[in-house]
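# Remarks on the overall topology
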Amino acid sequence: MLEVIPYLTTPSLYGGQAKDAFDVIIPSLPGFAFSSKPTQPGVGSKYVATLWAKLMDRLGYDRYFVQGGDIGAGVSTWLAYIYPERVRGLHLNYIPGSYRPPLTQNTPSMSKEERTYLDSVAERSEREGAYSALHRTKPETLAFALSDSPTGLASWMVEKFQGWSDCKGDIESSFSLDHILTNISIYWFTNSITSSKRIYTEGGKMPLHFTEGQRVTVPTGISVFPKELPMPPQS
């Protein structure tokens, strides 16, 4: 999302008006590169949402918009759910993979569209989900290898840049080598690849499941991109 920042902070340079500019605050998830490493259990997406609320209070913002993708989508969704009086709007470019709507006896049977979605999730999990299973269940075992070998770390990360982007196998058609190496270097020099896995483990303990009557009430927008991870149907 880095390339979006100038459009928000200096819209006058891109055909907009200066009065439409936003302050943009981009916190780094606990354990990821620029943030400290968690020293206690429980630092999952829901807990991080409370940290972001405290951060915004300290910075002097009592109302704000939130945006998230991937793990950040879970954090932002929790933020909008827990603090609807503060969040003016929620924007997501991904629905958290752990999200489940409340299912009751009165819930209609799954539609064909919904079954197709769940099938696509299962297929993708089978094909691409090994990393996530390791992060959730055996993070420390993997951490020794990735923290000890820059080649191992690079291969672990670059494979995702290639596999998850719309590059058709040619990674440099979507990312410059400088961009890729910068990402790898940030994790290597901060030695944060190990701590970055913690949030996967914690997320598995407290997934984003809503019960009957629970819902995000703030205005919500979702961008759906053709090569994004499987996106639930509106129903």
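We now turn to the structure provided with this report. Fair warning: this is a prediction, and the values are worked out from it, not measured in the lab. (Residues numbered from 1 in each chain as written. Predicted model: local features only at pLDDT ≥ 70, side-chain atom pairs only at ≥ 80, totals over all residues. Heavy atoms only, no water.)

Turning to helix α2 (residues 45–59), a few remarks are in order. Along an α-helix, residues three or four positions apart point the same way, because every turn accommodates 3.6 residues. Spanning 15 residues, α2 covers 21 Å between terminal C-alpha atoms, matching the ideal 21 Å at 1.5 Å per step. Its buried side turned inward, α2 meets β1 (64–68), α3 (71–82) and α10 (198–205). Positive phi appears at Gly60, one or two residues downstream of α2, with a value of about 95 degrees. (Helix = DSSP H or I, 4+ residues; strand = E, 2+ residues; numbered from the N terminus. Expected span 1.5 Å × (residues − 1). Contact = heavy atoms within 4.5 Å.)

On to the environment of Val158, then. Looking at where Val158 falls in the secondary structure, it is placed in helix α7 (residues 150–163). Sequence-wise, Val158 and Asn106 are 52 residues apart; in three dimensions their C-alpha atoms are separated by 45 Å. Val158 has contacts with Ile171, Ile180 and Ile184, leaving out every residue within four places of it along the chain.

For α7, with 14 residues, the first-to-last C-alpha span of 20 Å sits near the 20 Å given by 1.5 Å per residue. For α7, the complete set of buried residues consists of Gly152, Leu153, Met157, Lys160 and Phe161. (Buried < 20%, exposed > 50% of the residue type's maximum accessible area, 1.4 Å probe, protein only.)

Residue position: Arg124 is located in helix α4 (residues 112–128). No salt bridge is formed by the buried Arg124; its nearest oppositely charged neighbour, Glu128, is found at 4.9 Å. If sequence neighbours within four positions are ignored, Arg124 has contacts with Gly129, Trp164, Leu229 and Pro230. (Lys, Arg positive; Asp, Glu negative; His and termini not counted. Salt bridge = Lys/Arg side-chain N within 4 Å of Asp/Glu carboxyl O.)

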